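Geometric and topological summary
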Amino acid sequence: MNMIFIKKGVLFVCLFGLCYLLQGCNRNSQGNIVANPYKHIPTLNVKFDELLTIGDTENNALTDPTFVRLSEDGKVFIFDKGSMSVKVFDGTGKLLSEFGQRGRAPGEYLEMTCVLLGSSLVYIYDEFNKRVTVLDFKGVVIKTVRVTSLLWPRDMFVYKGNIIFLNKIPYYLSEASKMNNFLFHEFDSLFNYKTSFGEKSALLPKSKNGSYQDLKEEIQPGTISRVNKEGNEFIYAPYFYEGKMYSFRADTKKNWSNNKIIKNTLVNKLPVIEEASETTTTLKYHFGRDTKYGTVNTESLGVFTLKNGNIIHFIYTLIDNKKRFIVELFDHTGRLLGYSTPDFLFLNNYKNYVKAISPAVIFSAKDKNDHFYLIMFNNSKQGIVRIVKKVNISINR
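Here's a quick rundown of the structure.

Conventions adopted
- What you see as residue numbers is a count from 1 along each chain, following the sequence as written.
- The model is predicted, so local features are restricted to residues of pLDDT at least 70 and side-chain atom pairs to those at 80 or more, both for listing and for counting; the totals for chains, interfaces and linings are taken over all residues.
- Only hydrogens and water are removed before side-chain values are computed, so all heavy atoms of the structure are retained for them.
- Strands here are runs of E lasting at least two residues and helices are runs of H or I lasting at least four, both read from the DSSP assignment and numbered beginning at the N terminus.
- Burial classes follow relative accessibility: with a 1.4 Å probe on protein chains only, a residue under 20% of its type's maximum area counts as buried, one over 50% as exposed, and anything between as partly exposed.
- Residue contacts are counted whenever heavy atoms from the two residues lie within 4.5 Å of one another.
- Areas reported as accessible are Shrake-Rupley estimates using a 1.4 Å probe. Residue values count occlusion only from the protein chains shown.
- A strand pair is defined by DSSP finding two or more bridges across the two strands.
- Angles run from 0 to 180 degrees between N-to-C directions of axes, and those axes are lines fitted to C-alpha atoms, restricted for helices to the stretch in contact.

1. Digging into the overall build of the protein
Looking only at helices and strands, the protein features 5 helices and 28 strands. Buried residues in the protein amount to 51% of all 397 residues. Sequence separation of at least 24 residues holds for 47% of the intrachain contacts in the protein that already meet a minimum separation of 6. Carbon and sulfur atoms form 53% of the exposed surface of the protein, whose accessible area is close to 19500 Å².

2. Here's the deal with the sheet that holds strand S18 (residues 244–250)
Strand order in the open sheet formed by 4 strands is S16-S17-S18-S19, and the pairing between neighbours is antiparallel. Looking at the sheet topology across the chains shown, the edges are occupied by strand S16 (223–226) and strand S19 (256–263). Each adjacent strand pair in this sheet contributes to an overall mean axis angle of 25 degrees, direction not counted.

3. A short note on the pairing of strand S25 (residues 336–340)
Along any regular strand, the residues point their side chains to alternate faces of the sheet. By the criterion of burial, S25 is predominantly enclosed, with 5 of the 5 residues buried. The sheet contact formed by strand S24 (residues 322–330) and S25 spans 4 bridges and is antiparallel. Among the inter-strand pairings, leucine 329 is bridged to a residue of S25, identified as glycine 338. Counted between consecutive antiparallel strands, the loop separating S24 from S25 contains 5 residues, among which glycine 334 sits at a positive phi close to 100 degrees.

Put into structure tokens, the structure is as follows:
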């Protein structure tokens, strides 16, 4: 009889211990349960193959690459904020030309805030010079236009001659009140303001946590992906990803509206932001004289539309109390098809360098063959530097 009670006691202790461990592994730093939101979603077999590296030799050295854009004939334009120049490479990584430098004169820059590569023209918005510079592919300045109604736009694209900016105008600037409540702002070809769309209240819901709201409002608005050749549809993914992306479409009168919400099964609720010491956190944010530190559960690293119409989304998220790199795949209707947690060497150091203001891995561009260009950190003789990698991603369901 005693042996039976002993066995039952041991079994109870084992089960209790197992439940405690499982529960502990599914709680975040504030004690909230962080279960795996993908456990009922099909698993994908995703493989990354490196095809090309730019910036790892003296012949193609980069200082601080911030944007990669691709021309229709296969040239790679890398916008390097370290040298304030545009470096043009061929498909093999050979440097073909370079133009631009730091300064205030035409063709010079104090900041490459956001960029656009058209069919034959380059557009560079410079926040400190408060202007857009338009150049040809050889670096010859076509025109410069002063733009004072924008503040730190993060991306831009062209639709039927108009320029649309993904912008983050701070809520405390009263003089920008007419644009203040929207994320997207449309200008004509002469950069005269026309209209705004994409209400912040719908795309970036308010948080009860003031620190997190400051980060969401002021740091990284997110990324956009053009959907079709007509250019009348794009997908917006907020940087602090809460499980939703948004599809926008233009009607025949060129009026934009949110026509679809793309959801996954994330249960993390709001990403976590907490006051903590600098050595234990992944976010550092300066707001006036205050410095805020904290951790965020989920970050969007880029969203793209593949040539078959499917949508691929790269995120860095907290699952089972561990930060993991996740690939999400949606069909063209926004239905989640599956996910993967690929383990590949050249992103292993991501967690060591991740910063909210300057993400350590940026999925910056995709070519017509669905090859991706990543901006990432790399250890070299000169220390930690940024390089550009071209990779192929194969997905098997």
